[in-house]
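Architecture at a glance
Each chain, letter by letter, is given below.
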Amino acid sequence: NPDMEPIDFSGIRVSLYELAKVDSLVQNAKSVFNSGGFPLTQNSEFDHREQSEVLFTTTNPDGSFVIPSVPYGVYNLVVSKEGWGYRYLYNITLNSKELDVTQFVDNNGELQLYPELIISGAVDESIEIVNWHHLVVSGDATFTSIGSLIIGENGFIRIEPGKKLDVIGQFQAIGSQGNMFRVTSNVISFVKSVNNSTSDSYLSFNIDSSTQVTNSKISWGSFGPAQVAFAVSNTPNIVFEKCRFTSNNDGLLGSVCGSVSVKESYFSGLTALNNGVHLYMVNDGDIQGNLFVGSRAGILLEEYCPQSIEDNVYVNNEYGIEMFNSDPSIKYNYFRKNNYGIRLTGPISPIVEYNYIDSDTSIIIGYNGYYPNAIPSIHYNNMVAETSFFYLRAANYIDIDAQNNYYYTTSIPEIEQKIYDKYDYPENLQFQVSQILYSPFSMNKVSGAKPRI
């Protein structure tokens, strides 16, 4: 409108960053089961708040800018303004020595920013966050039963430290490959410095039995960094697909639910306290085709969790899978460079078959005298162990059925040297320790003991 004063576009920060690095161990692990699942791309890995700018400038009143003396290379470009959020352009190849606005802005307005929407308290309205819009949760906020939240492609939810977001009403969260939505702490330095203390507990996102999740599915979202990236409780059925979780304590925390399924997602830990998927009294669900890296436990199951755990990859965790009094089916998984591949505890009967387990200790059974008498079925696995194939804790009186596994050796003394059970304990304690019944064992590598690609 020619009668209106021109809008001042000055002060928008335009920054160049190096591309986000993906750890080579993670890339190698991903290649083990890469069948079209979660992609490790700049869209999922890059967060400008964790890196230093290579070059930057600010825009003129008309929105124009020039960054001179740009070294040739490939960059991520970030446009940001206080109160207006930020947006990314990934993998920008620069083969000239000057970067200016004409290289990016066209009739589609590629660099457009939008005013942040700030909420706290009860929210009774419907809000949709898509296309580089930002929702900032400044205080504890709850979308009530008559409210709704839709997060779509390239939508951002930023939660202030120590605050949480609950959704009781309608909820939809669906991105797409290359256009994921993000739910994150508004201050990353806070998340990375906080330990596991109750005063600093931080749930970034919570839904429960009253939440009406569109199609009971959440897909193509990035959650975290956060203390707990996503929490779900008392929900009859929910599925997470192709999501990324980064956390200090728990990536995905599910408690007292009917069914929680997690498929083709990526979990990474920020501290030694982290668990990727943590389920407590969840009655059903599939955990399939996921990657767990750098956590205390990739998967932690507590109290009567019978999930089907298949085709996952676990790298550089303390425990690949740890379970207390739960009896899942664990098949076709790949464990690499974990301290312990699997921990089994409690009067339970999980099935452990057709896995490749390369860890310092492949399988540990028992926990400090608690949760006694696990009775797993452990068959047809390929095992590599630096210290122990099996380590049996005291207070497990029932012999363990662990036949037809392959140990990359056919030497009985070599195998027995790495099995710690009844007769490795002092004589006065042997009455409370059982044996690992490992014979007959496979003389050849078990075919198919790995993720099914």
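So, a few notes on the structure that sits alongside this text. Just so you know, these numbers come straight off a predicted model, no measurement behind them. (Residues numbered from 1 in each chain as written. Predicted model: local features only at pLDDT ≥ 70, side-chain atom pairs only at ≥ 80, totals over all residues. Heavy atoms only, no water.)

Our next topic: the side chain of N333. Structurally, N333 can be placed in the loop between β29 (329-331) and β30 (334-344). Accessibility expressed as a relative area gives 0% for N333, which makes it buried. Polar contacts involving the side chain of N333 include one to the main-chain carbonyl oxygen of K331, which spans 2.9 Å. With sequence-adjacent residues up to four places away left out, N333 is seen in contact with I309, E310, D311, N312, Y314, Y354, N355, Y356, K450 and P451. (Helix = DSSP H or I, 4+ residues; strand = E, 2+ residues; numbered from the N terminus. Buried < 20%, exposed > 50% of the residue type's maximum accessible area, 1.4 Å probe, protein only. Polar contact = N/O pair within 3.5 Å; in protein donor to acceptor, adjacent residues only side chain to side chain. Contact = heavy atoms within 4.5 Å.)

So, on to the sheet that holds strand β4 (residues 73-81). Two orientations exist for strands paired in a sheet by backbone hydrogen bonds: parallel and antiparallel. In spatial order, the strands read β2-β1-β4-β5; together these four strands make up an open sheet with antiparallel pairing. Both edges of this open sheet fall to β2 (55-58) and β5 (85-94), since each of them pairs with a single strand only. Direction aside, neighbouring strands of the sheet carry axes that sit 20 degrees apart on average. The sheet contact formed by strand β1 (residues 13-17) and β4 spans five bridges and is antiparallel. Residue pairing in the sheet places L16 in a bridge with L77 of β4. (Pairing = 2+ DSSP bridges. Axes fitted to C-alpha atoms, helices over the stretch in contact; angles between N-to-C directions.)

Another point: the side chain of S15. Position of S15 relative to the elements: it lies in strand β1. Judged by its relative accessible area of 1%, S15 falls in the buried class. A distance of 2.6 Å separates a polar atom in the side chain of S15 from a polar atom in the side chain of E53. When near neighbours in sequence (up to four residues on either side) are disregarded, S15 contacts E53, L55, F56, N76, L77 and V78.

Evaluation of the coordinates by the stated rule reveals 33 aromatic pairs. Residues F240 and F245 carry aromatic rings whose centres are separated by 6.0 Å and whose planes lie at 70 degrees to one another, so their mutual orientation is edge-to-face. For F245, a relative accessible area of 0% corresponds to the buried category. Against the face of Y423 rests K422, its NZ or CZ located 6.0 Å from the ring centre. (Phe/Tyr/Trp six-rings, centres within 6.5 Å; stacked < 30°, edge-to-face > 60°. Lys NZ or Arg CZ within 6 Å of the ring centre and 35° of its normal.)

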